[in-house]
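Below are the chains, spelled out letter by letter.
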Amino acid sequence: MNQTVRVGLMGLGTVGTGVVRIIQGHQQDLQNQTGLSIEVRRILVQDTDKERSISIEKELITTDAMELVASPDIDVVVEVIGGIHPAKEFILQALENGKHIVTANKDLMALHGAEILKKAQEKSCDVFYEASVAGGIPILRALVEGFSSDRITKMMGIVNGTTNFIMTKMSQEGADYAEVLKEAQELGYAEADPTADVEGHDAARKMAILSTLGFHVDMRLEDVDSRGISRVSAEDISYAKKLGYEIKLLGIAKRDDNLIEVSVQPTLIHKSHPLASVNGVFNAVYVYGEAVGETMFYGPGAGELPTATAVVSDLVTVVKNMKLGVNGRGSVAPYQEKYLKTDEQIVSKYFLRLIVDDKRGVLAQITRILAEHDVSLEQVIQQPYRGGREAEIIMVTHQATRRNIVNVEKELDKLDSVLQVKSLYRVEGGEEE
Ligand code: NAP
Ligand code: HSE
């Protein structure tokens, strides 16, 4: 066997640059662990004239993707260009040519992971994608290996750093969403078009990957019910705090017997829950296993070196598999049937904020509607709104089905005395689980 593992690196942006730094900087450790040296033989970029923050031999740089994926001189392709096309075509062609793949691409793996993994199996190739969820946190390996003897029933994740930065700032400084989003863009956390982050699409992709691996089902992106943070107000956060909660963009994946729900939504999380104190751009994934109980994985969800460590650790696994001659044999395809919960089967506590006429009998009308839909209250705050002719009512319910709470919202909306249903959020943590 060749004593050098030859890498074709696709992309030399944030993550690609980190990959080169780690391979160069940790070369001896990598060799000690694998017995082989790892060498970057080609680097695919778009713009060969771009200034790079690391010095790279000019002859390594190429714009010819098809030459890279076909080269007999390459054993492993590391894809860190991002996006669906042409990354998907590059990866499929590389697999066709018998190259192992390491990728950080959550968009691609959430949408086309099944097709890529099938191709990899046909060609006895490895495909690893640790960096695609929660950047530097080794959560996928923990799910696949660490929890292999357990049965995971719940995963909750703060898996998007941009939105967690925004929610943390809004909570700590009482600032408005638009103001903090602008700051996040100036700091380079949020992109010029922040839609994928703030509308929950990025987190939904990560939750599809987590629940596929954690629950052994073929979870598709369209199975993940997602809502973002763009309508969360400073007032919502302030009331949540008064009631003992923080609001986070939370990915929630639950399994009850064989019924599964996966969602991403702004959620009140009780201050006693470890996820409530995950702040700034940090990520965390809380995993509950029937046997082990509660665990939590915390760390940087993005950034050059954190993300690159995950990529290079995957590379190390590929190299170890090459030495053992077991590439393509380690991955376990989803083996459980997927049964998604209906709205009658999704049960949770909820937070409701209403603006109402401050008149006699209004609270009675509201509680009647709640009772008719089998929803009972755990906490209520009422206070004057806009000078006193109107009132604001803030409620946290006991456990209710999603169907009932949605019907409550519809009925409340129809009441003349309810001027606006301002917000409705799911509630997690606290005593009643
Ligand atoms: P990036 O900074 O935008 O870098 C992308 C690189 O790919 C650039 O070097 C670019 O070339 C090259 N590239 C893009 N399209 C190409 C094409 N069609 N042909 C050839 N080269 C192409 O992206 P990144 O932040 O490193 O992210 C890479 C991947 O990692 C994405 O899938 C992302 O979701 C994932 N990820 C990133 C982070 C993070 O912290 N950034 C964290 C977790 C996962 P030029 O340099 O010539 O423009
Ligand atoms: N946009 C992502 C985030 C980057 O904010 O977490 C890491 O996937």
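Residues numbered from 1 in each chain as written. Chains lettered and ligands numbered in written order. Predicted model: local features only at pLDDT ≥ 70, side-chain atom pairs only at ≥ 80, totals over all residues. Heavy atoms only, no water.

## Regarding the pairing of strand E2 (residues 37-44)
Here is step 1: Counting buried positions over the 8 residues of E2 gives 6, a clear majority of the element.
Here is step 2: Across 7 bridges, strand E1 (residues 4-10) lies against E2 in parallel orientation. Its bridge partner being in E2, Arg6 is matched across the sheet by Glu39. (Buried < 20%, exposed > 50% of the residue type's maximum accessible area, 1.4 Å probe, protein only. Helix = DSSP H or I, 4+ residues; strand = E, 2+ residues; numbered from the N terminus. Pairing = 2+ DSSP bridges.)

## Observations concerning the pattern of salt bridges
Here is step 1: All chains considered together, the criterion is met by 37 salt bridges.
Here is step 2: One salt bridge in this structure joins Glu96 and Lys119, with 2.3 Å as the shortest N-O distance. Taken together, the residues span a long stretch of sequence, with Glu96 in helix H4 (residues 87-96) and Lys119 in helix H5 (residues 106-122) at a distance of 23 residues.
Here is step 3: Owing to a relative accessible area of 35%, Glu96 belongs among the partly exposed residues under this scheme.
Here is step 4: According to the relative accessible area criterion, Lys119 is buried, its value standing at 18%.
Here is step 5: The network of salt bridges with shared partners includes Arg6, Glu39, Arg41, Arg42, Glu67, Asp73 and Asp75. (Salt bridge = Lys/Arg side-chain N within 4 Å of Asp/Glu carboxyl O.)

## A closer look at the site of ligand 2
Here is step 1: Near ligand 2 you find Lys106, Asn160, Gly161, Thr162, Asp197, Asp202, Lys206, Gly301 and Ala302, and these make up its full shell.
Here is step 2: Backbone polar atom of Gly161 to an oxygen atom of ligand 2: 2.7 Å apart, as the coordinates give it.
Here is step 3: The side chain of Asp197 places a nitrogen or oxygen atom 3.0 Å from a nitrogen atom of ligand 2.
Here is step 4: Contact with the protein chains hides 79% of the accessible area of ligand 2, taken as 260 Å² for the molecule alone.
Here is step 5: When atom positions are compared with the pocket grids, ligand 2 is found to occupy the largest pocket.
Here is step 6: Elements that contribute at least two residues to the shell around ligand 2 include exactly helix H7 (161-173) and helix H10 (201-215). (Near = heavy atom within 4 Å. Polar contact = N/O pair within 3.5 Å; in protein donor to acceptor, adjacent residues only side chain to side chain. Areas by Shrake-Rupley, 256 points an atom, 1.4 Å probe, with all protein chains shown as cover. 1 Å grid on protein atoms, 1.4 Å probe; cavity = no way out; pocket = protein on both sides within 12 Å on 5 of 7 lines; lining within 4 Å. Sits in = over half its atoms within 2 Å of the grid points.)

## Description of the site of ligand 1
Here is step 1: Near ligand 1 there are 22 residues, and of these Leu12, Asp47, Lys50, Arg52 and Gly303 occur at the shortest range.
Here is step 2: Residue Lys106 places a side-chain N or O atom 3.2 Å away from an oxygen atom belonging to ligand 1.
Here is step 3: Burial of ligand 1 by the protein chains amounts to 77% of its free accessible area of 910 Å².
Here is step 4: The cavity that encloses ligand 1 is the largest pocket.
Here is step 5: Taken together, the residues of the shell around ligand 1 break down into 10 nonpolar, 8 polar and 4 charged. (Nonpolar A, V, L, I, M, F, W, Y, C, P; charged D, E, K, R; others polar.)

## Remarks on the sheet that holds E2
Here is step 1: In space, the 6 strands of this open sheet follow the order E3-E2-E1-E4-E5-E6, with parallel pairing throughout. Whereas interior strands pair on both sides, the edge strands pair on one side only; in this sheet they are strand E3 (61-62) and strand E6 (127-128).
Here is step 2: Sheet topology note: the strand E5 (residues 100-103)/E6 ladder contains 2 bridges and is parallel. Along E6, the bridge assignment pairs Val102 with Phe128.

## Re the packing of helix H6 (residues 139-146) against H10
Here is step 1: As a packed pair, H6 and H10 sit with axes 9 Å apart at the nearest point and diverge in direction by 15 degrees. By the angle between their axes, H6 is roughly parallel relative to H10. The two elements H6 and H10 cross, and the hand of that crossing is left-handed. In this structure, H6 contributes Ile139, Leu140, Leu143 and Val144 to the contact, and H10 contributes Ile209, Leu210, Leu213 and Gly214. (Axes fitted to C-alpha atoms, helices over the stretch in contact; angles between N-to-C directions. Parallel < 35°, antiparallel > 145°, perpendicular 65-115°, else oblique. Left-handed = near helix turned anticlockwise from the far one by under 90°. Contact = heavy atoms within 4.5 Å.)

## A few points about the environment of Asp236
Here is step 1: Mapped onto the secondary structure, Asp236 falls in helix H11 (residues 234-242).
Here is step 2: In sequence terms Asp236 and Leu268 are 32 residues apart; their C-alpha atoms lie 9.7 Å from each other.
Here is step 3: If sequence neighbours within four positions are ignored, Asp236 has contacts with Arg231, Ile247, Phe351, Arg353, Ser423 and Tyr425.

## Describing the nonpolar core
Here is step 1: Within the largest apolar cluster, 78 residues are counted, with the highest numbers of intra-cluster contacts made by Ile139, Leu143, Ile166, Leu210 and Phe351.
Here is step 2: If one sorts the elements of this core by residue count, H10 sits on top with 8 residues.
Here is step 3: If we ignore the near neighbours within four places in the chain, the residues touching Phe351 are Asp236, Tyr239, Ala240, Leu243, Leu268, Ile394, Met395, Val396, Ser423, Leu424, Tyr425 and Val427. (Core = buried A, V, L, I, M, F, W, Y, C linked by side-chain atoms within 4.5 Å.)

## A look at unusual backbone geometry
Peptide bonds are trans in most cases, and residues, glycine excluded, mostly fall at negative phi.
Here is step 1: In this model, His85 is joined to Pro86 through a cis peptide bond whose omega is 10 degrees.
Here is step 2: With respect to the helices and strands, Pro86 occurs in the loop between strand E4 (76-79) and H4.
Here is step 3: The phi torsion at Asp257 lies on the positive side, around 55 degrees, for a residue other than glycine.
Here is step 4: Mapped onto the secondary structure, Asp257 falls in the loop between strand E9 (245-256) and strand E10 (259-270).
Here is step 5: For Arg386, which is not a glycine, the phi torsion comes out positive at approximately 45 degrees.
Here is step 6: The topology assignment puts Arg386 in the loop between strand E15 (377-385) and strand E16 (390-397).

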